[in-house]
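The chain contents come next:
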2 protein chains.
Amino acid sequence: MTRPTIRSVAARAGVSKSLVSLVLQDSPKVSPERRAAVLAAVAELGYRPDPTARSLAQGRTRAIGLVLDDLRNPWFVDVLEGLRPVLHAAGLRPVLAEARSEPDAPRTFADLRVDGLVVIGTLPDLALVEEVAAEVPTVLAGTRLAADDPFGVDVVAGDDAAGVRLAVEHLVGLGHRRLAHVAGTGPVGDLRRSAFEGAARTGGAEVLVETGPLTEDGGHRAGRALLTRTDPPTAVLAANDASAVGVLAAAADLGVEVPGALSVAGYDDTSLARLRAVSLTSVDNAASEVGRLAARRLLDRLVDPDAPADLQLVAPRLVVRATTAPPAGGGPSTDAGPPDLRR
Amino acid sequence: MTRPTIRSVAARAGVSKSLVSLVLQDSPKVSPERRAAVLAAVAELGYRPDPTARSLAQGRTRAIGLVLDDLRNPWFVDVLEGLRPVLHAAGLRPVLAEARSEPDAPRTFADLRVDGLVVIGTLPDLALVEEVAAEVPTVLAGTRLAADDPFGVDVVAGDDAAGVRLAVEHLVGLGHRRLAHVAGTGPVGDLRRSAFEGAARTGGAEVLVETGPLTEDGGHRAGRALLTRTDPPTAVLAANDASAVGVLAAAADLGVEVPGALSVAGYDDTSLARLRAVSLTSVDNAASEVGRLAARRLLDRLVDPDAPADLQLVAPRLVVRATTAPPAGGGPSTDAGPPDLRR
């Protein structure tokens with residue numbers, strides 16, 4: 001009951017292994033009689049070509065390189081959950097590398113002759129990605145370029161400006177008029193910050209900004225700086241969940257009650273936000289859908305390398321949990337009307 | 001000021017590119033005169049062979065495949081922190097895959113012709129690892145085999161039995177006499193569970209066991225089952241930090257104060273345990289040191305493929321934080337003596 005091989009097919013048909021290969025490749029060099037004999041042996045033995053052997057014979061590895069920005073920040077896990085089923089269904093095998101520790105990862109994958117590349121999160125080295133994208137079909141997922149698409153690479157990302165607006169409108173709707181942002185850097189950090197400033201001003205709120213790093217420690221420092229001001233904010237939107245958890249820790253240290261005296265929201269809706277002890281209001285940036293669409297985009301690109309590059313933005317969603325509430329002293333000021341909690 | 005290439009060396013020396021290659025490979029086929037001309041051109045131009053091109057020419061990829069068990073459980077991050085500098089210093093480039101979602105990852109890496117393989121955490125498919133280890137130098141890091149080393153593969157791991165003993169002695173030393181374990185499965189889960197049962201009985205404590213899964217949800221269910229018993233435990237050691245955080249959430253739901261009415265300890269000392277809002281007592285299993293030693297073991301194995309396989313265990317360390325304290329009603333019972341908090 002061993003699995004039939006190309007060798008057993010050849011023996012059954014009374015031909016050479018290489019002739020079996022020619023038939024499986026649909027070569028016109030094979031006579032109709034010998035083709036029929038080989039196909040009969042294939043059917044009798046139930047032979048199925050090994051997909052790995054077949055793709056190696058075609059000079060393809062069927063491997064797709066995925067470059068992640070930072071393994072310590074779990075937001076990429078949902079992107080992978082979206083990517084994988086699409087790649088698997090196409091017979092492709094994801095392999096990963098972390099750009100933070102392996103800045104040459106796109107080159108490593110090109111050297112390993114992967115069939116395609118997906119760069120997830122903040123770009124490691126724009127020039128290197130540009131260089132490799134010229135050799136290997138490449139899609140950027142969950143990140144943005146500083147300018148729009150300077151070298152013709154496909155991009156699939158969450159709509160950060162829309163996500164920040166959802167969070168700010170939630171806080172303004174609750175009655176907050178003094179909002180702070182813990183800001184990141186790079187194209188995504190800049191985008192979230194400018195969207196925050198725009199949406200807060202549109203909502204008639206004052207704006208304070210502290211800059212990360214977007215780690216728990218960075219959020220803790222930013223939170224302490226904000227809460228020890230003479231005029232502290234009543235609500236904070238951090239540019240990711242890890243830094244929001246740091247703001248929560250700073251509030252706890254200083255005896256500032258959340259959400260009674262301070263509302264805190266994060267971004268990315270990672271597993272951290274969903275921990276029962278954290279229960280953080282956060283913006284779900286549809287990471288799984290970003291992954292799914294990025295994988296489909298890559299498959300399209302493999303079929304049609306010359307199609308024009310495409311930018312797809314996926315709509316985010318606000319998840320309200322236990323860390324946001326109306327400010328102490330009641331709801332919105334009279335000129336803003338009552339809070340509309342149904343929105 | 002462009003970087004000199006093998007082509008520019010050949011032009012300067014007045015020879016072919018392939019003759020330059022022969023000289024760089026120290027081939028005996030080259031005449032002394034032409035060798036001298038090539039080496040002079042190399043020195044004049046400051047030519048240095050590109051390490052990637054050289055290794056590809058030698059049929060080596062300089063890539064090392066790292067198979068992780070589950071990207072959602074951050075314990076592996078410290079293993080990578082230990083592995084990477086050693087691999088980088090040897091000019092090797094790590095690439096990753098997750099065994100949970102890519103059970104064929106060892107085969108994928110073998111097909112990509114990696115120079116070596118490190119399997120981190122619970123083994124995906126023992127038969128497949130055995131098969132690939134016969135083709136590619138392989139080291140297991142931070143995991144154990146059910147029996148000792150059934151197929152001659154190097155293993156570097158934390159000493160789980162010693163780590164569990166440290167945690168149990170801490171809890172017994174505080175005065176706890178009714179201990180529960182949230183247990184995992186597989187070789188590591190079995191090892192931690194049997195070490196727990198042995199150490200608790202040695203300490204004169206009663207033993208309760210609930211089985212995972214070792215996620216926050218699994219810990220939450222196990223914690224609820226333990227705390228709603230008519231005879232609940234006064235202390236819980238969970239087999240990892242994620243499930244310990246679930247036990248903390250169950251205690252909070254039921255109004256059981258930690259550490260006043262319940263002590264909770266985790267295992268692995270991940271970033272989760274270190275979060276300020278969690279501050280979990282946990283066993284640091286020296287993951288970074290495990291990674292460092294595993295990388296060194298792999299380098300030794302690349303040099304000497306026929307050396308006998310080796311098992312190295314690394315000593316763990318208990319990190320006491322805010323979730324463990326003497327049981328309600330005071331310290332240890334009289335027959336155990338006063339708690340020795342200096343240990």
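Throughout, a residue's number is its position along its own chain's written sequence, starting from 1. Following the order in which they are written, the chains are lettered starting with A and the ligands numbered starting with 1. Residue-level local features of this predicted model are given only where pLDDT is at least 70; pairs of side-chain atoms are given and counted only at 80 or more, and the full residue set underlies all totals for whole chains, interfaces and linings. Where side-chain values are given, they derive from all heavy atoms of the structure, hydrogens and water being excluded.

Taking an unreviewed UniProt entry as the reference, chain A is identified by name as LacI family DNA-binding transcriptional regulator belonging to Kineococcus mangrovi.

(A) Examining the sheet that holds strand E10 (residues 281-284) of chain B more closely. Residues and elements named next belong to chain B. A pair of strands is considered paired only if DSSP assigns at least 2 bridges between the two. Secondary structure follows DSSP: runs of H or I at least 4 residues long count as helices, runs of E at least 2 residues long count as strands, and numbering of each begins at the N terminus. One open sheet holds the 6 strands; their spatial order is E7-E6-E8-E9-E10-E12, and the pairing between them is mixed. Each end of this open sheet is capped by a strand with a single partner; those strands are strand E7 (206-211) and strand E12 (317-319). Adjacent strand axes in the sheet meet at a mean angle of 20°, parallel and antiparallel pairs treated alike. In terms of strand pairing, E10 meets E12 through 3 bridges, oriented antiparallel. Opposite Asp284, over in E12, you have Arg317 as the bridge partner. Here, two residues are considered to be in contact whenever any of their heavy atoms come within 4.5 Å of each other. Under this scheme, a helix contributes an axis fitted over its contacting stretch, all axes are lines through C-alpha atoms, and angles between N-to-C directions fall in the 0 to 180 degree range. Lying over the sheet, helix H11 (residues 241-253) contacts strand E6 (178-183), strand E8 (235-238), strand E9 (263-267) and E10, oriented at roughly 160° with respect to E9.

(B) View of the packing of helix H5 (residues 76-89) of chain B against helix H13 (residues 287-303) of chain B. Residues and elements named next belong to chain B. Viewed as axis vectors pointing N to C, H5 and H13 meet at an angle of 35°, and their least axial separation amounts to 6 Å. In this structure, the crossing between H5 and H13 has a hand that is right-handed. Of H13, the residues touching H5 (which contributes Asp78, Val79, Gly82, Leu83, Val86 and Leu87) are Ala287, Ser288, Gly291, Arg292, Ala294, Ala295, Arg296 and Leu299. Basically, the charged four are Asp, Glu, Lys and Arg, the nonpolar ten are Ala, Val, Leu, Ile, Met, Phe, Trp, Tyr, Cys and Pro, and anything else, Gly included, counts as polar. The class makeup of the residues in the contact of H5 with H13 is 8 nonpolar, 3 polar and 3 charged. Note: crossing handedness is left-handed where the near helix turns anticlockwise from the far helix by less than a right angle, and right-handed where it turns clockwise.

(C) Structural view of the nonpolar core. Residue types Ala, Val, Leu, Ile, Met, Phe, Trp, Tyr and Cys, when buried and joined through side-chain atoms within 4.5 Å, form a set referred to as a nonpolar core. Only protein chains enter the accessibility calculation, which uses a 1.4 Å probe. A residue is then buried if its area is under 20% of the maximum for its type, exposed if over 50%, and partly exposed in between. Core analysis: the biggest nonpolar cluster contains 56 residues, and Leu83 and Ile120 of chain A together with Leu83 and Ile120 of chain B have the highest contact counts within it. In contact with Leu83 of chain A, other than residues within four places in its own chain, are Leu66, Val118, Ile120, Gly291, Arg292, Ala294 and Ala295 of chain A. Grouped together as the second largest cluster of nonpolar side chains are 42 residues, Ala105 and Val114 of chain A together with Ala105 and Leu123 of chain B included.

(D) Structural context of empty space enclosed by the protein. A 1.4 Å probe that fits but cannot get out identifies a cavity on a 1 Å grid over protein atoms alone, an open set with protein on both sides within 12 Å along at least five of seven lines counts as a pocket, and a residue lines either if it has an atom within 4 Å of a point. Grid points are joined across faces, edges and corners, and a volume is the space filled by probe spheres set on the points. The final tally for this structure, using the stated rule, is 2 cavities of 30 Å³ or more. Empty space within the largest cavity amounts to approximately 40 Å³. Surrounding the largest cavity, Leu66, Leu80, Arg84, Pro94 and Leu96 of chain A together with Glu98, Ser101 and Glu102 of chain B form its lining. Residue assignment for the lining of the largest cavity shows that the elements contributing at least two residues are helix H5 (76-89) and strand E2 (93-98) of chain A. Its residues placed into classes, the lining of the largest cavity shows 4 nonpolar, 1 polar and 3 charged. Counted as a void, the second largest cavity has a volume near 30 Å³. Taken together, Glu98, Ser101 and Glu102 of chain A together with Leu66, Arg84, Pro94 and Leu96 of chain B make up the lining of the second largest cavity. Grouping the constituent residues of the lining of the second largest cavity by class yields 3 nonpolar, 1 polar and 3 charged.

(E) Representation of the relation of the copies chain B and chain A within the structure. Alignment of copies: least-squares fit on C-alpha atoms of residues with pLDDT of at least 70 in both copies. The two copies are related by a screw operation: chain B maps onto chain A through 180° of rotation and 0.1 Å of translation along the axis, at an RMSD of 0.3 Å. Put plainly, the chains are arranged around a two-fold axis. Relative to the rotation axis, the closest C-alpha in chain B is found at Leu96 of chain B, a distance of 2.3 Å. Taken as a fraction of all interface residues of chain B, those also at the interface in chain A reach 97%, which identifies the copy contact as same-surface.

(F) Inspection of helix H9 (residues 186-202) of chain A at higher detail. All names here are of chain A. Between the first and last residue of a helix there are one fewer steps than residues, each counted as 1.5 Å, and that sum is the expected span. Its 17 residues place the ends of H9 24 Å apart at the C-alpha level, agreeing with the 24 Å of an ideal helix rising 1.5 Å per residue. Three or more residues of H9 are buried, namely Val188, Gly189, Arg192, Ala195, Phe196, Ala199 and Ala200. All buried residues of H9 fall inside an arc of 135° around its axis, so they share one side. Exposed side of H9, more than 90 degrees from the buried face: Arg201 and Thr202 are the residues found there. Two residues or fewer past H9, Gly204 is found with a positive phi of approximately 75°. Picture the helix axis, draw a direction to every C-beta atom, and the arc is the one those directions span.

(G) Geometry of the sheet that holds strand E8 (residues 235-238) of chain A. All names here are of chain A. One open sheet holds the 6 strands; their spatial order is E7-E6-E8-E9-E10-E12, and the pairing between them is mixed. Where the open sheet ends on each side, the last strands, each with one partner, are strand E7 (206-211) and strand E12 (317-319). Strand-to-strand twist in this sheet, taken as the mean axis angle between neighbours without regard to direction, amounts to 20°. Two elements, E8 and strand E9 (residues 263-267), share 3 bridges in a ladder whose sense is parallel. Residue pairing in the sheet places Ala235 in a bridge with Ser263 of E9.

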